[in-house]
Amino acid sequence: MPYTLDQLNDATQAEAEQMLDGLYEHTPWIAAEALKQRPFRSLAQLKWAMADILARSDVEAQLALIRAHPELAGKAMVAKSLTAESTNEQSKAGLTDCTPEEFERIQRLNADYNAKFGFPFILAVRGPRGTGLARQQIIDTFARRLDNHPDFERAEALRNIHRIAEIRLADKFAAEPTLGNAAWDAHERLAQHSDPGFKEAGQLTVTYLTDAHRACAAQIRADMQEAGFDEVHVDAVGNVVGRYKADPAVRHPKTLMTGSHYDTVRNGGKYDGRLGIFVPIACVRELAGAGRRLPFDFEVIGFAEEEGQRYKATFLGSGALIGQFNPDWLGQADADGVTMQQAMAHAGLNPADIKGLKRDPAKYLGFIEVHIEQGPVLNELNLPLGVVTSINGGIRFVGEFIGQASHAGTTPMDRRRDAATAAAELALYMEERAAKDGDSVATMGMLEVPSGSINVVPGRCRFSLDMRAPNDAQRDRLAADVLERLQQIAMRRGLNYRLEESMRAAAAPSAPEWQRRWEAAVDSLGLPIFRMPSGAGHDAMKLHEVMPQAMLFVRGENSGISHNPLESSTADDMDLAVRAMQHLLQAVATETTTK
C-alpha cells in the first residue's frame, strides 16, 4: 500500500523515518532531519527540505553520500549486492542487459571517472520522465561529464541524487506526475518535426514557415482540439490560437492570454518556448474534462516566430498581436533566396490579413507566460520554480579597436598599440562592472582579429558588447560606465576606435498584481518563493507594451543549459508548473467573480 502525506505527517518520528527509508542510498539522516519540519503541505515541500538540508551540510557529508552509491553496471550489480531501489533503477535503464562492448565501455568510464573525481559517477538513470534512459544516453552523459570541473561535478552528482530520491519518493507515495507526463510527452511528439538536414542529423531545428514548422502548427492545433478548446485556428502569421470560452453566464467576459513560441534556434532544445504552450493546454484539458468554465476567456497562443532564425524578424508572432508587423519584412530572403512573402504564400497565409490580428488591450486581463529558465540558477538552488520580476532590458554595440600592426619580436612591450589586448581589458572590465550590480550581465560575445598572425601584434580587433539589466536605468548606467572605460582604454593605449549601437530593448518589469499571483501559486505548492530577473528575451516583452504581464520560470536540467540539445526538464517540474497555473487561474476566477 502506498503511503499518504497525512500518514507521514501524523506518524511518529521513527515511523516516518521508516516510511522514507531508502530515499538516499545508505544515508537515512537526510530524511530524518527533514522530518523535523513537519507537517508538510506537499511532497514538493518535503523534497525541497531534504535538498536544502544537504546543501547546507559540509563537503565531507556530501561526498559520503555520493560514495554510498554503487557504480553503474559495476561490481555490485554483477555480485547482485545492490539495494532494491538501485537494482530497480539500473534494470529499468537496461544496464542489467548491457552488451559485452557496452559493459566494457562503462567499466572504462567508471575507472577514468573515479581516478579523476574520487567518487562514483551518479546519474538518475530513470531519466526526466521516470521511465528510464537508453543505454547510449547513459554512456554519452558519462563521457561528457568526465570533462567537468571537480566542484561542479560534485554538485551535479548531488543534483542527480536528489532526482533519484524524487523518483523513489513518488514510488512510495504513488505520486504519478500525470499532468507533467502529458506535457512531457507532448514535447516529445512535437520534437519529431525538424527542418531538412537537421532532422537527418538527429538535431532539432524548426524555423519560420518551413514544412517542419507547419507540421508543428498542425500538431499543436490537434493537441488543442483534443484538449477541449472551443476555437482553434492558425492566424495570418502562423500563430496557433486556441480559445477556451468563459462561462456563458458571464456577460462580455474579458480574456486572459498566455502562450509562447514553437520555433527553435538551430540545433536547439525541445522545451524553449514550447513549455509555455503545453502547460496551459494541460490546464484546459483538466478544465474541459471536469466541465468547468472560468469567468473569462482563456486564450492560448503558440507564437509562430520568436527566435529570428530564418528571417530577421524576431518576435514576429507576438509582435503582430500588438500591431508591430513591419511590411518590409516580406521582402527579406532566407539563405535559399525564398522571401517571407513567398513562404507565407506557400503556407496559405495572406499578409493582407495581418493587420487584423492586433488585439484590443481593453478586452484583456493580461498576459502570463511559463518558460524554461534557460540558465543555471534554479538548478543550482534545487528549486523547480522561480517567479520572474522583470525581463531584462538590453543594449548591444558592435565596434573595433584600431591600433598598429607590428612585429611581435621587435616591438617592445611599452611601444605597442595592441588592439586585441585593449578588447581583452575591456572584456574583463565588463565582467567586473556587471558583477557589482548583482543582477546585470555583460558579454563580449564576438572577438576577432582580422588577418591575425601568430607573430604580429594585432593592429585591429573587432568586438561586440551585450549588456542587460532588470530595468532601463540600471542598463544605461552599466552601458555608460563601459563606454567610458572603452574611451579611457583607447586613449591610454594610443588607439582609435569605432562603435555602433546595434540594438536597444526596454526592460519589461512584471506587473505587481500578476507577479503576486504567481508567487501565491508557488506558495500553494509548499515551495519557497524565489524571485529572479530574466536575462533572456521572451514574447512577454512584446505583450508588456500593451498589457500587464508576468512570467513563471521552470528549472532546466544539465545546469539549465538552453539553445542546446542538452536542454531538458523533468515531468515532475512540469507537473508543478501546470498546478501553479491552475492555482493562478482559480485565483483570478475567484477575484473576477467577487468583483
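Owing to the predicted nature of the structure, the values given are computational and were not obtained by experimental measurement.

## Details of the overall build of the protein
Move 1: If you tally the helices and strands in the protein, you get 21 helices and 16 strands.
Move 2: In terms of its C-alpha atoms, the protein occupies a principal-axis envelope of roughly 75 × 70 × 45 Å.
Move 3: In the protein, which comprises 595 residues, the share counted as buried stands at 53%.
Move 4: Across the protein, the fraction of contacts at a sequence separation of at least 24, relative to all contacts at a separation of at least 6, is 77%.
Move 5: Surface summary for the protein: the accessible area is close to 25,600 Å², and the carbon and sulfur share equals 51%.
Move 6: Within the protein, one finds 65 positive and 80 negative side-chain charges whose respective centroids are separated by 3 Å.

## A few points about the nonpolar core
Move 1: Within the largest apolar cluster, 99 residues are counted, with the highest numbers of intra-cluster contacts made by Met340, Met344, Leu385 and Trp518.
Move 2: Top element by residues in this core is helix α21 (residues 571-594). It accounts for 11 residues.
Move 3: Once residues within four sequence positions are removed from consideration, methionine 344 is found in contact with Tyr208, Leu209, Ala236, Val237, Phe325, Leu330, Leu349, Pro351 and Ile354.
Move 4: Formed by 49 residues, the second largest nonpolar core is a distinct cluster that contains Leu109, Ile122, Leu158 and Ile161.

## Examining the pattern of salt bridges
Move 1: Under the definition given, this model contains 43 salt bridges.
Move 2: Linking glutamate 231 and lysine 245 is a salt bridge whose minimum nitrogen-to-oxygen distance equals 2.9 Å. Taken together, the residues glutamate 231 in strand β1 (residues 231-234) and lysine 245 in the loop between β2 (240-244) and β3 (255-261) connect sequence positions 14 residues apart.
Move 3: Judged by its relative accessible area of 36%, glutamate 231 is partly exposed.
Move 4: Salt bridges sharing partners connect three or more residues here, namely Asp472, Arg475, Asp476, Glu501 and Arg504.

## Structural notes on the packing of aromatic side chains
Move 1: What the rule picks out here adds up to 10 aromatic pairs.
Move 2: Pairing phenylalanine 121 with phenylalanine 142 gives two aromatic rings, centres 3.9 Å apart and planes at 10 degrees, and the pair type is stacked. One end of the pair, phenylalanine 121, is in the loop between α8 (100-117) and α9 (135-145); the other, phenylalanine 142, is in helix α9, with 21 residues separating them in the sequence. Just as phenylalanine 121 is buried, phenylalanine 142 falls in that class too.
Move 3: These aromatic residues form a ring-pair network of at least three members: Tyr113, Phe117, Phe119, Phe121 and Phe142.
Move 4: Here the guanidinium or amino end of arginine 517 rests over the ring plane of tryptophan 514, the centre of that ring lying 4.2 Å away.

## What about the pairing of strand β4 (residues 297-303)?
Both faces of the sheet carry side chains from a regular strand, because those side chains alternate between them.
Move 1: Taking burial as the measure, the 7 residues of β4 include 7 buried ones, the bulk of the element.
Move 2: Side chains of β4 alternate between two faces, with Asp297, Glu299, Ile301 and Phe303 and Phe298, Val300 and Gly302 buried alike.
Move 3: Both β2 and β4 contribute to a ladder of 5 bridges, which runs antiparallel. By the bridge assignment, arginine 243 is partnered in β4 with glutamate 299.
Move 4: Direction of pairing for β3 relative to β4: parallel, over a ladder of 7 bridges. Residue pairing for β4: glycine 259 is matched across the bridge by isoleucine 301.
Move 5: The handedness of the β3 to β4 crossover, carried by helix α13 (residues 275-289), is right-handed.

## Some details on empty space enclosed by the protein
Move 1: Per the stated rule, a full pass over the model turns up 4 cavities of 30 Å³ or more.
Move 2: Here the largest cavity defines a volume of roughly 110 Å³.
Move 3: Along its surface, the largest cavity is lined by His69, Pro70, Leu72, Ser86, Glu89, Gln90, Phe121, Ile122, Leu123, Val125, Ile164 and Arg168.
Move 4: Listed by contribution, the elements that provide at least two residues to the lining of the largest cavity are α7 (84-92) and α10 (150-173).
Move 5: Counting residues per element, the lining of the largest cavity draws most heavily on α7, which supplies 3 residues.

## As for the environment of tyrosine 429
Move 1: Mapped onto the secondary structure, tyrosine 429 falls in helix α17 (residues 419-437).
Move 2: Under the relative-accessibility criterion, tyrosine 429 is labelled buried at 11%.
Move 3: C-alpha separation for the pair tyrosine 429 and valine 578, spaced 149 residues apart in sequence, amounts to 42 Å.

## Side note on the packing of α7 against α10
Move 1: Viewed as axis vectors pointing N to C, α7 and α10 meet at an angle of 105 degrees, and their least axial separation amounts to 12 Å. In terms of orientation, α7 and α10 fall into the roughly perpendicular class. Where α7 approaches α10, its residues Glu85, Ser86, Asn88 and Glu89 are matched on the opposing element by Ile164, Arg168 and Asp171.
Move 2: Of the residues assigned to the contact of α7 with α10, the class counts are 1 nonpolar, 2 polar and 4 charged.

## Examining the environment of isoleucine 391
Move 1: Within the secondary structure, isoleucine 391 is located in strand β6 (residues 385-391).
Move 2: Residues isoleucine 391 and glycine 535, spaced 144 residues apart in sequence, show a C-alpha to C-alpha distance of 6.4 Å.
Move 3: Setting aside anything within four residues of it in sequence, one finds isoleucine 391 in contact with Pro470, Ala507, Ala508, Ser534, Ala536, Gly537, His538, Ala540, Met541, Gln549 and Met551.

## Thoughts on helix α12 (residues 211-227)
Move 1: Taking 1.5 Å of rise per residue, 17 residues should cover 24 Å, and α12 covers 24 Å from first to last C-alpha, within 8% of that figure.
Move 2: Every buried residue of α12 is accounted for by Ala212, His213, Cys216, Ala217, Ile220, Asp223, Met224 and Ala227. For α12, the angular spread of buried residues about the axis comes to 145 degrees, placing them on one side. Within α12, the exposed residues directed more than 90 degrees away from the buried face are Asp211 and Glu226.

## A word on the packing of helix α11 (residues 178-190) against α13
Move 1: Axis separation between α11 and α13 bottoms out at 9 Å; the angle between their running directions is 130 degrees. Classified by the interaxial angle, the pair formed by α11 and α13 is oblique. Every pair of crossing elements has a handedness; the one defined by α11 and α13 is right-handed. Only Leu275, Phe278, Arg285 and Glu286 of α13 make contact with α11, whose side of the interface consists of Leu179, Ala182, Ala183, Ala186, His187 and Leu190.
Move 2: The class makeup of the residues in the contact of α11 with α13 is 7 nonpolar, 1 polar and 2 charged.

## Overview of the pairing of strand β7 (residues 393-402)
Move 1: Among the 10 residues of β7, 7 are classified as buried, and the element is accordingly described as predominantly covered.
Move 2: Bridging between β7 and strand β13 (residues 496-505) involves 9 bridges; their strand directions are antiparallel. Across the sheet, arginine 396 pairs through a bridge with methionine 503, a residue of β13.

Rules and cut-offs
- Residues numbered from 1 in each chain as written.
- Predicted model: local features only at pLDDT ≥ 70, side-chain atom pairs only at ≥ 80, totals over all residues.
- Heavy atoms only, no water.
- Helix = DSSP H or I, 4+ residues; strand = E, 2+ residues; numbered from the N terminus.
- Buried < 20%, exposed > 50% of the residue type's maximum accessible area, 1.4 Å probe, protein only.
- Contact = heavy atoms within 4.5 Å.
- Areas by Shrake-Rupley, 256 points an atom, 1.4 Å probe, with all protein chains shown as cover.
- Lys, Arg positive; Asp, Glu negative; His and termini not counted.
- Charge placed at Lys NZ, Arg CZ, Asp CG, Glu CD.
- Core = buried A, V, L, I, M, F, W, Y, C linked by side-chain atoms within 4.5 Å.
- Salt bridge = Lys/Arg side-chain N within 4 Å of Asp/Glu carboxyl O.
- Phe/Tyr/Trp six-rings, centres within 6.5 Å; stacked < 30°, edge-to-face > 60°.
- Lys NZ or Arg CZ within 6 Å of the ring centre and 35° of its normal.
- Pairing = 2+ DSSP bridges.
- Right-handed = clockwise from strand over helix to strand, strands pointing away.
- 1 Å grid on protein atoms, 1.4 Å probe; cavity = no way out; pocket = protein on both sides within 12 Å on 5 of 7 lines; lining within 4 Å.
- Points joined across faces, edges and corners; volume = space filled by probe spheres on them.
- Axes fitted to C-alpha atoms, helices over the stretch in contact; angles between N-to-C directions.
- Parallel < 35°, antiparallel > 145°, perpendicular 65-115°, else oblique.
- Nonpolar A, V, L, I, M, F, W, Y, C, P; charged D, E, K, R; others polar.
- Expected span 1.5 Å × (residues − 1).
- Arc of directions from axis to C-beta.
- Left-handed = near helix turned anticlockwise from the far one by under 90°.

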